[in-house]
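Working through the structure, step by step
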Amino acid sequence: GESVGLHLPTLSVQEGDNSIINCAYSNSASDYFIWYKQESGKGPQFIIDIRSNMDKRQGQRVTVLLNKTVKHLSLQIAATQPGDSAVYFCAESKGGSYIPTFGRGTSLIVHP
Amino acid sequence: GAVVSQHPSRVICKSGTSVKIECRSLDFQATTMFWYRQFPKQSLMLMATSNEGSKATYEQGVEKDKFLINHASLTLSTLTVTSAHPEDSSFYICSASSQGNTDTQYFGPGTRLTVL
């Protein structure tokens, strides 16, 4: 699985911009991927998920892209708002194991 | 739906004491519950997985006698940090999944433990 980072990469954007948060995963057998948002002092909140039989999935203001060839996952947030400021984690799991492995996380800072 | 609560949200204790953290699924039956630990600015690290009525499965490096997990019912799991020390200070998060949707985990709000 993804290794745990000792520091969080940070992405700073202006309000209204689109944000792209990237994640690399290591287990080629993983077939289920989830993005979580974690605000300071709170538990992770589910944002969107995608299964390996898809390469794109859209939600409200969010899009997840999956590139299995290079084992890469991205989260796109449209028209980023200050309330989107948080740490975003990708997680991978293999169907049936229901135990996700969390990525290192990215801190998103949205400036008004 | 699918709400998971934790209690307490914050706890401060003296070194050497034991602390119990509760994790409850409020509106669904959680066949499996998970306990995570998170240090500042780091990712979530899975500590153990517990299934109702059976012993918890601990991840490598997690002391089962230090972190006692009980999953006595389909809506409640407890984590007891025994003989806590300052290095046990951390953010502890539980999550739960239901029998009907094992891929999805619902996370609790976390418990901030500070050991003096």
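Please refer to the structure placed before this passage.
Okay, so let's go over this structure. (Residues numbered from 1 in each chain as written. Chains lettered and ligands numbered in written order. Predicted model: local features only at pLDDT ≥ 70, side-chain atom pairs only at ≥ 80, totals over all residues. Heavy atoms only, no water.)

A closer look at the pattern of salt bridges
Heads up, the rule is: Just to be clear on terms, a salt bridge is a Lys or Arg side-chain nitrogen sitting within 4 Å of an Asp or Glu carboxyl oxygen. We count a stretch as a helix when DSSP gives it H or I for four or more residues in a row; a strand needs E for two or more, and each element gets its number in order from the N terminus. Residue exposure (1.4 Å probe, protein chains only): buried if accessible area is under 20% of the type maximum, exposed if over 50%, otherwise partly exposed.
Considering all chains together, one arrives at six salt bridges over all chains under this definition. Measuring nitrogen to oxygen at the nearest pair gives 3.3 Å for the salt bridge that ties Glu39(A) to Lys42(A). When the shortest N-O distance is used, the salt bridge between Asp88(B) and Lys66(B) registers 2.7 Å. Residue Asp88(B) is located in the loop between strand E8 (76-81) and strand E9 (90-98), and its partner Lys66(B) is located in the loop between strand E6 (57-58) and strand E7 (67-73); the two are separated by 22 residues in the primary sequence. There is no split in this pair, since Asp88(B) and Lys66(B) are both buried.

So, the nonpolar core
Within soluble globular proteins, side chains that are nonpolar tend to cluster in buried spots. Residues and elements named next belong to chain B. The criterion, for reference: Buried Ala, Val, Leu, Ile, Met, Phe, Trp, Tyr and Cys residues that are joined via side-chain atoms within 4.5 Å together make up what is termed a nonpolar core. Residue contacts follow a heavy-atom distance rule, with two residues in contact if any of their heavy atoms lie within 4.5 Å.
Ranked by internal contacts, the top residues of the largest apolar core, which has 23 residues, are Trp35, Leu79, Tyr92 and Leu113. If you list the elements that add at least two residues to this core, you get strand E2 (10-13), strand E3 (19-25), strand E4 (30-38), strand E5 (44-51), E7, E8, E9 and strand E11 (111-115). When near neighbours in sequence (up to four residues on either side) are disregarded, Tyr92 contacts Gln6, Ile21, Tyr36, Arg37, Met47, Phe67, Leu79, Gly110, Thr111 and Leu113.

Here we look at the side chain of His71(B)
All names here are of chain B. Note the following rule: What qualifies as a polar contact is a pair of N or O atoms within 3.5 Å, subject to a donor-acceptor requirement within protein and to the restriction that residues adjacent in sequence count only when both atoms come from side chains.
Summarising the element assignment, His71 is placed in strand E7. Judged by its relative accessible area of 4%, His71 is buried. A polar atom in the side chain of His71 sits 3.3 Å from the backbone oxygen of Ala30. Discounting residues that sit within four places of it in the chain, His71 has contacts with Ala30, Thr31, Thr32, Met33, Ser50, Asn51, Glu52, Gly53, Leu76 and Ser77.

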